[in-house]
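Single-letter residue listing:
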Amino acid sequence: MIKRRRISISGRVQGVGFRPAVYRIARSLGLSGTVYNDTQGATVELQGEEEEIAEFLVRLQSDADKPPLAEIKSCDAVDLPAVEGEDEFIIAASDSRGVPLSQVTADVATCRDCLAEMADEEDFRHGYPFINCTNCGPRYSIITNIPYDRPNTTMSVFKMCDKCAAQYADVADRRFHAQPVACAVCGPRIRLTDNKSRTTTAQSDEAIDEAAKLLLTGRIVAIKGIGGFHLAVDALNENAVARLRERKRRDHKPFAMMADSVEKIKEYAIVGEFAEQLLKSPQSPIVLLPKKENNSIGPSVAESVDTYGFMLCYAPLHHLLFGRNVEVLVMTSGNISDEPLICKNEKALERLGSVADAFLMHDRDVYRQVDDSILHFVDEQPIPLRRARGYVPTPIFMVEECRQDILAVGADLKNTFCFAKKNQLICSEHIGDLEDAEVYHHYIDSIEHLRKLFEVEPKIVACDLHPGYLSTRHALSIPNVKVVHVQHHWAHIASVLAEHGLAGPVIGLVCDGTGYGTDGAIWGCECMIASLDEFERFGHLSYYPLPGADKAGKEPVRPVLSLLKKTYGGEFSLRKFDWLLTRIEPDMDKLDVISEQLEKGVNCVDTSSLGRVFDAVAAMLGLGSYNHFDAQLPMALEAAAAAGVEDRYEIEMFSPPGEPCRFGLDETVRQLVGDVRNEVDVSIISAKFHNTISEALLGLAQACRSQADLNTVALSGGAFCNRYLANRLIKQLKQNDFSVLFNRDVPSNDGGISLGQAAIAAKRTSLETRNID
């Protein structure tokens, strides 16, 4: 008996060759009907025998028939009356009506088929630096609106030639409805421009030839890629790397690098099986890899850390450039210091003219600048440190639908923001630190862009509890919305719950540098009982006074002095500890001022910040006296830690009646200072300190389990970007029969805060609506 059925499909089904796959399966089964994109995803109407329709649904979700980039989240079917006389299956025009919920596909690395065609001298796209198909190429960075069709992308200005148009229209072709499809005749073009006259000095192949020559002779070249510009130099040329650091005004932060093969990367770094899979994945992120000793990478590429950040070529232009005897390039974001990534040609020439010697750029506009994603491994799982190209704007799905649109504005450092719409949590790409004026303006513009792209109309805005955050002030400036304030560390744990589709409660262990607490103190090492509904502070690191407010995050001598004075009390004097302090800060007058601040409590705030303790220990070990970038000293401390050390320092646990459980570090500091004075190897001291913190956190979790009858621990916060600490604590928790959750989709640092804020606000909205109903 002939049946007709409408199937509504949500997920990643636009811009990935999904409609052609539907067409081919339907035709092969003798089914008639139609498929089209809409704002929810894709809709299929099928007519035929019941058995064939059932077979269609099976094949649609099989790896053999489903396009490689497609991901089906839901598939809902309803019966319809049969249509008499219908005998064809067609691909229909997109339907742009309704509330946009369709996933926008992230930008994807060039696929093998396109690379083979680009290398084929007989192919009409031989050597073309913008080759792509439905399985690869730019998506999010070029889309201006949804549905994802060519008129809604920056490719709309390029009229397809007959050859490209034929492939675009051929349902059997790999480029059927591949929106960025183009060739050298009709598509974007490459050119090389100097940094002085700003005139084009070469085009097409010659431009790539000249750019490669410049790089091989130590010059700096700004290269326009998928999501914006990179600043590139030969990573094997130390003088060139040093010159880039000076011009970019980035003295210390490690640079990322690019190579054209895993085999090449293995010459300089240790690449495990999982890391190799991640490097070769369609997302093609930067992956942190252990350094090999005595390699030829310029020393200043990544000093004071034990890893390199490597990625493989992911755009056709990269492959063509590396095919001209280029081995390894530093590929760092095209900006000055911590400003937003530059994606516009004219702005690149204006802002980077004093940095780059030449510009290899093109005329395909980047609508959304998107940085490279950075991942590392914790508990053998790939974990993002920066979530951007390749992963954004892939949503995280909620179990319950949100009845009102929500904007979560995130934190001020490593900012992202997040929209909650229906059952989707849509996080932005990495924005940056909002204290920079240009980053802040980019943040405001980005919120508006994504709001329009997904047609979100927020009625609720979630923000941090800190009244001084720029993100909080922005939330309060938005008219006609309800503002929900969310405590910083609760949002961290909520981000883990949201990723895992849980509501809680769980034992939350949150460790970072700073977060405004409900008591007005600066929290930073917390144990809480947390759900999406509420949280209770169960325990924390004992407070210590932090002098100098924000200066303490840059100058580790401030927490060093505080911890020493707290530990030694009346025994402490600057003269007694000048052997230690003057190595960190030689200016005795400055030490006197900070010491007096602490004695009088002037411009001091109580804190439980673990991040500042890491700063202090790193400084006491002689690993640095200033944080030139966020977490520089903790990263150096992690890199210094020796493997195979099980010793630790003593800690004190306190459980005062009616107050949160606490652990103190006075004895830890005494023993650590003793080791420093006795010239114990830095690597041993670092390992013992890490082991101590892990033991203290385990103790908090065990105490919480005994009182709250909970067995699941969620870990979050920037301190868990430290692989030594995270891996050791996860191992210890599992050995003590805890179930352990941690961030896997968003960073555990403040880049994940917006997800947690949105999840809490969504849950609160759901509860309020339910109570009204």
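Whatever comes next refers back to the structure up there.
Parameters and conventions
- Residues numbered from 1 in each chain as written.
- Predicted model: local features only at pLDDT ≥ 70, side-chain atom pairs only at ≥ 80, totals over all residues.
- Heavy atoms only, no water.
- Axes fitted to C-alpha atoms, helices over the stretch in contact; angles between N-to-C directions.
- Helix = DSSP H or I, 4+ residues; strand = E, 2+ residues; numbered from the N terminus.
- Parallel < 35°, antiparallel > 145°, perpendicular 65-115°, else oblique.
- Contact = heavy atoms within 4.5 Å.
- Nonpolar A, V, L, I, M, F, W, Y, C, P; charged D, E, K, R; others polar.
- Core = buried A, V, L, I, M, F, W, Y, C linked by side-chain atoms within 4.5 Å.
- Buried < 20%, exposed > 50% of the residue type's maximum accessible area, 1.4 Å probe, protein only.
- Pairing = 2+ DSSP bridges.
- Left-handed = near helix turned anticlockwise from the far one by under 90°.
- Salt bridge = Lys/Arg side-chain N within 4 Å of Asp/Glu carboxyl O.
- Expected span 1.5 Å × (residues − 1).
- Arc of directions from axis to C-beta.

Let us now look at the packing of helix 19 (residues 666-677) against helix 20 (residues 682-708). Between two packed helices, both the angle of their axes relative to each other and the distance between the axes serve to describe the pair. One way to put it is that helix 19 packs onto helix 20 with a least axis distance of 11 Å and a crossing angle of 170°. Relative to helix 20, helix 19 is oriented roughly antiparallel. Where helix 19 abuts helix 20, its residues Thr668, Leu672, Asp675 and Val676 lie against Ile685, Lys688, Phe689 and Thr692. Split into classes, the residues belonging to the contact of helix 19 with helix 20 amount to 4 nonpolar, 2 polar and 2 charged.

It is worth spelling out the nonpolar core at this point. Across soluble globular proteins, nonpolar side chains have a tendency to be buried as a group. Tyr140, Ile223, Leu321, Leu329, Leu360 and Phe417 are the most contacted members of the largest nonpolar core, which totals 77 residues. When near neighbours in sequence (up to four residues on either side) are disregarded, Leu329 contacts Leu215, Ala232, Val233, Asp234, Ala235, Ala256, Met257, Met258, Leu321 and Phe322.

Looking now at the sheet that holds strand 17 (residues 396-408). Hydrogen bonds along the backbone pair up the strands of a sheet, which may run parallel or antiparallel. In spatial order, the strands read 18-17-19-20; together these 4 strands make up an open sheet with mixed pairing. The open sheet has two edge strands with one neighbour each: strand 18 (418-427) and strand 20 (482-486). Here the strands of the sheet are splayed against their neighbours by 60° on average, with no regard to which way each runs. Relative to strand 18, strand 17 is paired through 6 bridges, and the arrangement is antiparallel. Paired with Ile406 across the strands is Ala420, a residue of strand 18.

Structurally, Gly658 is set in the loop between strand 26 (652-654) and strand 27 (661-664). Taking the relative accessible area as the measure of exposure, Gly658 reaches 89% and is therefore exposed. Placed 243 residues apart in sequence, Gly658 and Asn415 show a C-alpha to C-alpha distance of 36 Å.

This paragraph deals with the packing of helix 17 (residues 610-620) against helix 18 (residues 632-640). Across the interface, helix 17 lies against helix 18 with an axial gap of 8 Å and an inter-helix angle of 65°. Crossing geometry of helix 17 relative to helix 18 is assigned as left-handed. Here Gly611, Phe614, Asp615, Val617 and Ala618 of helix 17 come into contact with helix 18, specifically with Leu633, Pro634 and Leu637. Residues belonging to the contact of helix 17 with helix 18 are distributed by class as follows: 6 nonpolar, 1 polar and 1 charged.

Further remarks concern the pattern of salt bridges. The final tally for this structure, using the stated rule, is 43 salt bridges. One salt bridge in this structure joins Glu276 and Lys280, with 2.9 Å as the shortest N-O distance. Overall, Glu276 belongs to the buried group, its relative accessible area being 19%. Notably, a salt bridge pairs Arg662 with Glu659, separated by 3.3 Å at the nearest N-O pair. What makes Glu659 partly exposed here is its relative accessible area of 48%.

Taking 1.5 Å of rise per residue, the 13 residues of helix 5 (residues 204-216) would be expected to cover 18 Å, and the 19 Å separating its terminal C-alpha atoms lies within 8% of that figure. Buried within helix 5 are the following residues: Ala207, Ile208, Ala211, Ala212 and Leu215. Mapping the buried residues of helix 5 onto a view down its axis gives an arc of 135°, with all of them on the same face. The first or second residue beyond helix 5 is Gly218, which carries a positive phi of 90°.

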